[in-house]
Amino acid sequence: MDYAKKSLELHKKWKGKIDIVCKAPIKNKQDLALAYTPGVAAPCLAIQKDINKSYDLTWRKNTIAVVTDGTSVLGLGDIGPEAGMPVMEGKCALFKRFANVNAVPLCIKSKNVDEIVNTIYLLSGSFGGINLEDISSPRCIEIEEKLKEICDIPIFHDDQHGTAIVVAAAVINALKLVKKQINKVTAVINGPGAAGMAIGKLLLKMNIGNIIFCNRKGILDPKDEKINVYQRQLAKITNKKNAKGLLFDALKGADIFIGVSAGNLLKPEMIKQMNKKPIVLAMANPVPEIMPDVAIKAGVEVMGTGRSDFPNQINNVMVFPGIFRGALDSGAKQITDEMKITAAKAIAKLVKPSELNKNYILPSALDMNVPKAVAKAVADCWKMHK
C-alpha cells in the first residue's frame, strides 16, 4: 500500500480524526435550562467554592491536552504548529481508542520556552493533565521542568518518558532471557537527546550497573563545552570506569546497546566487542542503527527496534494511554519515577514466562490489556506513595 497517498486521501475525507460528542440531551426547554442557563449556575458556584469539584462537574477528570510547538514532529523536524496538527490529532485518537481518555490537540505558535510554559499554565485549569509532544530538545526538558513547578496536574512528555518506560520494560524481559541482573550490566545509549537522556535516567533509578552515553563524537565528555547542561549532568554521574573514545570503545564489554540516534551506525564489529549474549534495542526510524538480520548474524541474543515489521517493537502506544488513564483515575498531581518504573514492570509482566523468547519480549502495541495493566499499576502506585 502507498501509505502516504492513502493517508492523504483519508485525512481529506475525515477532516480531522477526532470530534466532540454532546452527552447532554438538548431537545426541549427543560434540557436547555439544565445544561445551560439558568441551571448551569449551580455547578459554577459549586466549583467556585471548591475548585476540586471541577473534576466531578466537568469533563476535566477525563480530559487532557496534547501540546506541541511543531519543532520536532516525527522525523520531519521543525515543520510548524499547524503542520503538526495531524500528528497531534492522531495522538488524541490513540488516547481515546486505547484508554477512553478525551484529548484535545493544542498547537502553540511560539518557540519561546517561557511563552509556551505560560500558555500551557494559563490553560491548565481546563484539563486533568498535559501531554507534551514533538518539542525539540533540550527545550522540551526545560518546558517540562518549569510546568511541573507551577502546575497542579500531571505533566508528561511522551517522547522522553513514554520511550523510557517501554525501553525499561524491554530491558527487564531481555535480561531475564540472557540471565543477567540489572545491577551488574552496562548499557551504552547512543543519542543523548531528550529520549536518550530520559531512558538513562530511568535505568539509573532502576539501579542499572553502568551507563555510557555516546554522541556523534563518541563517549560523552562532561568537559565538552558543546553539550547542553542536561547532558553534562548525566555525563558526570555515568561512565563509572571513565571510558574514552568512540562508540566502538564504549561497547567493549557492554551488555546492552540502546539506540535513539540514526540508521546504520552500529556495525557488526562493534557488536563483537560486547559482552556475551548482547542485547540491542535499535530504535532509529525508519532505518534502525543496525538491521535485525545483520545484528543477529553478528551475535546479538535479543534484538528490538521501533518498527512494526520486526519482532519486539518498542512503541510508546503501550505507555501513554495507560499512564494518563491511571493518573486521571487516581487524581494524581504528577507522574513520578516510581509510577514510571511500575508501568514498565506492568508491561514486562504481560509477557508470561512460558511465552518469553528472543522474538517476544514485549506485548503487542495493539493489545488492549496493556493500557489496562499500566493504568492500574500507575493508579495503585500513586495511591500508595502520595
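Refer to the structure printed above.
Since the structure is predicted, the reported quantities are computational estimates derived from the model, not experimental observations.

Thresholds applied
Residues numbered from 1 in each chain as written. Predicted model: local features only at pLDDT ≥ 70, side-chain atom pairs only at ≥ 80, totals over all residues. Heavy atoms only, no water. Helix = DSSP H or I, 4+ residues; strand = E, 2+ residues; numbered from the N terminus. Expected span 1.5 Å × (residues − 1). Buried < 20%, exposed > 50% of the residue type's maximum accessible area, 1.4 Å probe, protein only. Pairing = 2+ DSSP bridges. Contact = heavy atoms within 4.5 Å. Axes fitted to C-alpha atoms, helices over the stretch in contact; angles between N-to-C directions. Phe/Tyr/Trp six-rings, centres within 6.5 Å; stacked < 30°, edge-to-face > 60°. Lys NZ or Arg CZ within 6 Å of the ring centre and 35° of its normal.

### Quick notes on helix α8 (residues 158–178)
Taking 1.5 Å as the rise per residue, α8 with 21 residues should run 30 Å; its terminal C-alpha atoms sit 29 Å apart, in good agreement. Among the 21 residues that make up α8, 18 are buried, leaving the element largely enclosed by the rest of the structure. K179 occupies a position one or two residues after α8 and carries a positive phi of about 55°.

### Brief notes about the pairing of strand β6 (residues 210–215)
Summarising burial for β6: 5 of the 6 residues are buried, a large majority. Two elements, strand β5 (residues 186–190) and β6, share 5 bridges in a ladder whose sense is parallel. Each bridged residue has a counterpart across the sheet, and for A187 the counterpart in β6 is I211. Sheet topology places β6 next to strand β7 (residues 218–219); 2 bridges connect them, and they run antiparallel. The residue bridging C214 from the neighbouring strand is I219, located in β7. Joining the antiparallel neighbours β6 and β7 is a turn of 2 residues.

### Points about the sheet that holds strand β8 (residues 256–259)
Spatial ordering of the open sheet is given by β7-β6-β5-β8-β9-β10, a layout of 6 strands whose pairing is mixed. Edge positions in the open sheet fall to β7 and β10 (302–305), since each of these has one partner strand only. Where strand β9 (residues 279–282) meets β10, 4 bridges bridge the pair, whose relative direction is parallel. Note that in β10 the partner of A282 across the bridge is T305. Seen against the sheet, α8 touches β8, β9 and β10 and runs at an angle of roughly 155° to β9.

### Some thoughts on the packing of aromatic side chains
Considering all chains together, one arrives at 3 aromatic pairs under this definition. When the ring of F95 is compared with that of F324, the centres are 5.6 Å apart and the planes differ by 80°; the resulting orientation is edge-to-face. Highlighted residues: F95 in helix α5 (residues 81–99) and F324 in helix α14 (residues 320–330), separated in sequence by 229 residues. The class for F95 is buried, based on a relative accessible area of 0%. Positioned above the aromatic ring of F320, the side-chain terminus of K91 is 4.0 Å from the ring centre. In this structure, R97 is placed above the aromatic ring of F98, and the distance from its NZ or CZ to the ring centre is 5.5 Å.

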